[in-house]
Amino acid sequence: MRINAIIETAIYVDDLQTAEAFYGTILGLRVMGQEPGRRVFFQVGASSVLLAFIADATLKGDRLPSHGAKGLGHFALGINADELDDWRHRLQESGVVIEQEVEWPRGGKSVYFRDPAGNSVELVKPGVWGLPSGW
């Protein structure tokens, strides 16, 4: 037996409309579902989901098990190797400050920035981890 993938990644935000505008408009992720005042779900690529929760609402655990987290998080979104410059330009045009760019020893490159809630978001080109999938 083995685990094949990370299917969902959860982040915690303080404003769902702001999160939806950032991830939907600036990063171009499709909204898959939402519950006002509680959560919004975004499709990432063909097989992953980014969950954005209002922490206090999800900590109640009245509909699903409590996810039990508060605070800033980090996650990386994979991009095509030849699109890093286009993404950098899009972020800067949208007023997003790039905090750091890193070239990794195995290959690949990452660009780090913050979402409106302060979560650390990374756009990463293939090669960072040296995995058979390209990542």
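Before any of the text, the structure's been laid out above.
In this text, all values refer to a predicted model and were calculated from it rather than measured experimentally.

Rules used in this analysis
Residues numbered from 1 in each chain as written. Predicted model: local features only at pLDDT ≥ 70, side-chain atom pairs only at ≥ 80, totals over all residues. Heavy atoms only, no water. Salt bridge = Lys/Arg side-chain N within 4 Å of Asp/Glu carboxyl O. Buried < 20%, exposed > 50% of the residue type's maximum accessible area, 1.4 Å probe, protein only. Core = buried A, V, L, I, M, F, W, Y, C linked by side-chain atoms within 4.5 Å. Helix = DSSP H or I, 4+ residues; strand = E, 2+ residues; numbered from the N terminus. Pairing = 2+ DSSP bridges. Axes fitted to C-alpha atoms, helices over the stretch in contact; angles between N-to-C directions. Contact = heavy atoms within 4.5 Å.

Chemist: Which parts of the structure should I look at to understand the pattern of salt bridges?
Modeler: Side chains carrying opposite charge are able to pair once their charged atoms draw close together. According to the stated counting rule, one finds 7 salt bridges in the structure shown. Glu103 is the salt-bridge partner of Lys109, the closest N and O atoms lying 3.9 Å from each other. Assessed through its relative accessible area of 65%, Glu103 is described here as exposed.

Chemist: Please clarify how the nonpolar core should be interpreted in this entry.
Modeler: General note: in soluble globular proteins, nonpolar side chains tend to be found buried as a group. Membership of the largest hydrophobic core comes to 27 residues, with the highest contact counts inside it found for Val13, Tyr23, Leu27 and Phe113. Looking at this core, the elements with two or more residues in it are strand E1 (8-13), helix H1 (16-26), strand E3 (39-44), strand E4 (48-54), strand E5 (74-78), helix H3 (84-93), strand E7 (109-114) and strand E8 (120-124). The leading source of residues in this core is H1, at 5 residues. Tyr12, Leu51, Phe53 and Ala55 belong to the second-largest nonpolar core, a separate cluster that totals 5 residues.

Chemist: So what exactly am I meant to see when it comes to the sheet that holds strand E6 (residues 98-103) here?
Modeler: Strands belonging to one sheet form pairs held by backbone hydrogen bonds; the direction of such a pair is parallel or antiparallel. Read across the sheet, 4 strands follow the order E5-E8-E7-E6 without closing on themselves; strand pairing throughout is mixed. The two strands at the open ends of the sheet, each matched to only one other strand, are E5 and E6. Shown here is a sheet whose adjacent strand axes are inclined to one another by a mean of 20°, direction ignored. Those strands touched by H3 are E6, E7 and E8, and its axis lies near 15° from that of E7.

Chemist: Please explain the sheet that holds E1 as it appears in this structure.
Modeler: With mixed pairing, the 4 strands of this open sheet are ordered in space as E1-E4-E3-E2. Every other strand in the sheet has two partners, leaving E1 and strand E2 (30-35) as the edge strands with one partner each. Neighbour-to-neighbour, the strand axes of this sheet turn through a mean angle of 20°, independent of strand direction. Pairing of E1 with E4 involves 6 bridges; the strand directions are parallel. Along E4, the bridge assignment pairs Thr9 with Leu50. Strands in contact with H1 are E1, E2, E3 and E4; relative to E3, the strand with the most contacts, it is inclined by about 10°.

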